[in-house]
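Inside the fold
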Amino acid sequence: MNELLHSRQATLAQARIAQQNALAATQDKGAQLRAEIGRIEAEQAAAERAAAARAAALAAQQQAAAGGAGGSGAPTPNGPTYGAGGGWTIPYSVVQCESGGQDLTPNSAGASGYYQILPSTWNGYGGYGQAYQAPKSLQDQRAAQLWSGGSGARNWVCSGIVGIR
């Protein structure tokens, strides 16, 4: 009977050691994953800062090329800007940040077109289908309505990124 008891105690001790080892391995893996998440978040923040710096530099370059803020088509926080590919009804730096000046199909949030307009917003302003399916002229009209002289800048995340509030 004692031999059976000692055998079971030894088995239980081995099981506890295995559990402790598994727990330690899981904790180590968790620490590694937290470190990796921190590294990725830091890379993302650096990429966002670099994109904002590029957009700001592009806006400054365009403003300088247009002869200052008073020049026709110069980037201003509250008015249209003309950049590569023609006229835009919101600042070109915002368009560049949002879509790169391309008529994009819907992203993961559903935003599409040159101005990356959400379907609910697009339809709420009288659009049909999705923004990218409409001609640029109609997208320009809807973006101008949303921009509303700059008071609608909050409708675009990139406005904040490029320093337009």
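Residues numbered from 1 in each chain as written. Predicted model: local features only at pLDDT ≥ 70, side-chain atom pairs only at ≥ 80, totals over all residues. Heavy atoms only, no water.

A short note on the overall build of the chain
To be explicit about the condition: Runs of E in the DSSP output that reach at least two residues are strands. Runs of H or I that reach at least four are helices, and both are numbered from the N terminus. Every accessible area reported is derived by Shrake-Rupley at a probe size of 1.4 Å, with residue values counting cover from the shown protein chains alone.
If you tally the helices and strands in the chain, you get five helices and two strands. Listing the helices and strands of the chain from first to last along the sequence gives α-β-β-α-α-α-α. Accessible area of the chain: about 10000 Å², with a carbon and sulfur share of 55%.

Here we look at the state of the cysteines
The line we're drawing: Cysteine sulfur atoms are paired as a disulfide whenever they fall within 2.5 Å.
A complete count under the given rule lists one disulfide for this structure. Each sulfur of the disulfide joining C97 and C158 lies 2.1 Å from the other. One quick way to see it: the torsion about the S-S bond of C97 and C158 is about -65°, and its sign makes the bridge left-handed. A residue pair is termed long-range when its members are at least 10 positions apart, and C97 in helix α2 (residues 92–99) and C158 in helix α5 (residues 157–161) qualify at 61 residues.

Quick notes on the pattern of salt bridges
Side-chain pairing between opposite charges can occur once the charged atoms of the two side chains come close. Worth spelling out the cut-off: Any carboxyl oxygen of Asp or Glu that lies within 4 Å of a side-chain nitrogen of Lys or Arg is treated as forming a salt bridge with it.
In this structure the tally under the stated criterion is three salt bridges. Salt bridges here are not isolated pairs; linked through shared partners, they connect E36, R39 and E43.

Things to note about the confidence of the model for the chain
To keep things clear, this is the line we draw: The score called pLDDT rates the predictor's confidence residue by residue, from a low of 0 to a high of 100. Whether two residues are in contact is decided by their heavy atoms: any pair within 4.5 Å suffices.
Overall, the predicted model of the chain reaches an average pLDDT of 83, with 83% of residues at or above 70. When mean pLDDT is taken per element in the chain, helix α3 (residues 119–124) scores highest with 93 and strand β1 (residues 81–83) scores lowest with 51. Counted against residues more than four places away or in other chains, residues 68–80, with its pLDDT under 50, gives 31 contacts.

Things to note about the nonpolar core
Rules: Take the buried Ala, Val, Leu, Ile, Met, Phe, Trp, Tyr and Cys residues and link them wherever side-chain atoms come within 4.5 Å; each set so joined is a nonpolar core. Burial classes: relative accessible area under 20% of the type maximum marks a residue as buried, over 50% as exposed, and values in between as partly exposed (1.4 Å probe, protein chains only).
Within the largest apolar cluster, 21 residues are counted, with the highest numbers of intra-cluster contacts made by I90, V94, Y115 and W156. The greatest single-element share of this core, amounting to four residues, is contributed by helix α4 (residues 136–147). Those residues within four positions of Y115 in sequence are excluded, and the remaining contacts are W88, T89, I90, V95, K136, Q139, D140, A143 and W156.

What about α2?
Taking burial as the measure, the eight residues of α2 include six buried ones, the bulk of the element. If you check which residues of α2 are buried, you get Y92, S93, V94, V95, E98 and S99. Following α2 by one or two positions, G100 has its phi on the positive side, about 70°.

Structural notes on the packing of aromatic side chains
Here a ring pair, both rings aromatic, is described through the centre-centre distance and the interplanar angle of the planes. Condition: For Phe, Tyr and Trp, where Trp contributes only its six-membered ring, two rings pair if their centres lie within 6.5 Å, and the inter-plane angle classes them as stacked under 30 degrees, edge-to-face over 60, or tilted in between.
Per the counting criterion, the structure on display carries four aromatic pairs. Aromatic side chains W88 and Y115 sit 5.8 Å apart centroid to centroid with 80° between the ring planes, which places their arrangement in the edge-to-face category. Of this pair, W88 sits in strand β2 (residues 86–88) while Y115 is found in the loop between α2 and α3, placing the two residues 27 residues apart along the sequence. You'll find W88 and Y115 in the same group, each marked buried.

A closer look at the side chain of S112
Note the threshold: Pairs of N or O atoms within 3.5 Å make up the polar contacts considered here, provided that, within protein, one atom can donate a hydrogen while the other can accept it, and that residues adjacent in sequence are counted only when both atoms are side-chain atoms.
Residue placement: S112 occurs in the loop between α2 and α3. A polar contact is formed between the side chain of S112 and the backbone nitrogen of A131, at a distance of 3.4 Å. With near-sequence residues (within four places) excluded, S112 lies in contact with L104, T105, P106, I117, Q130, A131 and Y132.

Considerations on α4
The condition is simple: Expected helix span is taken as 1.5 Å per residue step, with the number of steps being one fewer than the number of residues.
Its 12 residues place the ends of α4 16 Å apart at the C-alpha level, agreeing with the 16 Å of an ideal helix rising 1.5 Å per residue. For α4, the full list of buried residues reads L138, Q139, D140, R142, A143, L146 and W147. A positive backbone phi angle near 45° is found at S148, which sits one or two residues after α4.

Describing the environment of G100
Looking at where G100 falls in the secondary structure, it is placed in the loop between α2 and α3. Residues G100 and Y114, spaced 14 residues apart in sequence, show a C-alpha to C-alpha distance of 8.0 Å.

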